[in-house]
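Each chain, written out:
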Amino acid sequence: MTARLTTDLWVSAYLARLRFAAIPAYLAAKGDPTAGAVAVKVATMDGRASVFVRAYGAEGERVWSPLVEAAEEAEAEAALARQRRFDPDLWIVEIEDPKGRTLLGEEGLD
């Protein structure tokens, strides 16, 4: 079994990485501090947004999977609202970046 960071520590580190890369982000919803799931919304500032959530890949590895991709921002918000109703412990990180950068694929954020 692999040790995992608590969600609040991971989110804090993620927000710090985004700040260091000069990518504007904020915590839109706080969930369970130890084991809450995380959703990341990235708004590209043109009325469109994508939402990413953790999932398991074909080999059982944890990956970031798109819940909504390049959709109208209202659609992304609706998807997050549905997820939050289903899982009130969901953390939501919102990014505002015209380039759509999330850093989710970078080492240390898996």
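Please refer to the structure higher up on the page.
Engineer: Just checking my understanding: could you explain the sheet that holds strand E5 (residues 91–96) for this structure?
Structural biologist: Whenever strands of a sheet pair, they do so through backbone hydrogen bonds, lying parallel or antiparallel. Spatial ordering of the open sheet is given by E1-E5-E2-E3-E4, a layout of five strands whose pairing is mixed. Only two strands of the sheet have a single partner each, and these edge strands are strand E1 (25–29) and strand E4 (62–72). Sheet twist, expressed as the mean angle between neighbouring strand axes with direction ignored, is 25 degrees. As paired elements, strand E2 (residues 38–43) and E5 share six bridges and run parallel to each other. In the sheet register, Lys41 faces E5, and the bridge partner there is Glu94. Against the sheet, helix H1 (residues 7–20) engages E1, E2, E4 and E5, with an angle of about 5 degrees to E5. The strands touched by helix H2 (residues 73–86) within the sheet are E1, E2, strand E3 (48–56), E4 and E5, with E4 carrying the most contacts at an inclination of about 135 degrees.

Engineer: Where do I start with the pattern of salt bridges in this structure?
Structural biologist: A complete count under the given rule lists six salt bridges for this structure. Ionic pairing is found between Glu77 and Lys41, a salt bridge with its closest N-O pair at 2.4 Å. One end of the pair, Glu77, is in helix H2; the other, Lys41, is in strand E2, and 36 residues separate them in sequence. On the basis of relative accessibility, which here comes to 33%, the residue Glu77 falls in the partly exposed class. Measuring nitrogen to oxygen at the nearest pair gives 2.8 Å for the salt bridge that ties Glu72 to Arg48. Of this pair, Glu72 sits in strand E4 while Arg48 is found in strand E3, placing the two residues 24 residues apart along the sequence.

Engineer: Even after reading the chapter, I still don't get unusual backbone geometry, so can you show me in this structure?
Structural biologist: What you tend to see is this: most non-glycine residues have negative phi, and most peptide bonds are trans. The phi angle at Met45 is positive, at roughly 65 degrees, despite the residue not being glycine. Looking at where Met45 falls in the secondary structure, it is placed in the loop between E2 and E3. By relative accessible area, which is 52% here, Met45 ends up exposed.

Engineer: Sorry if this is basic, but what is going on with the nonpolar core here?
Structural biologist: Ranked by internal contacts, the top residues of the largest apolar core, which has 16 residues, are Tyr14, Leu18, Val38, Val40, Val93 and Ile95. Counting residues per element, the ones that place at least two in this core are H1, E2 and E5. Counting residues per element, this core draws most heavily on H1, which supplies five residues. If we ignore the near neighbours within four places in the chain, the residues touching Ile95 are Tyr14, Leu18, Ile23, Pro24, Ala25, Val40, Lys41, Val42, Ala43, Arg101 and Thr102. With 13 residues, the next largest nonpolar core counts Ala39, Val68, Ala76 and Ile92 among its residues.

Rules used throughout
Residues numbered from 1 in each chain as written. Predicted model: local features only at pLDDT ≥ 70, side-chain atom pairs only at ≥ 80, totals over all residues. Heavy atoms only, no water. Pairing = 2+ DSSP bridges. Helix = DSSP H or I, 4+ residues; strand = E, 2+ residues; numbered from the N terminus. Axes fitted to C-alpha atoms, helices over the stretch in contact; angles between N-to-C directions. Contact = heavy atoms within 4.5 Å. Salt bridge = Lys/Arg side-chain N within 4 Å of Asp/Glu carboxyl O. Buried < 20%, exposed > 50% of the residue type's maximum accessible area, 1.4 Å probe, protein only. Core = buried A, V, L, I, M, F, W, Y, C linked by side-chain atoms within 4.5 Å.

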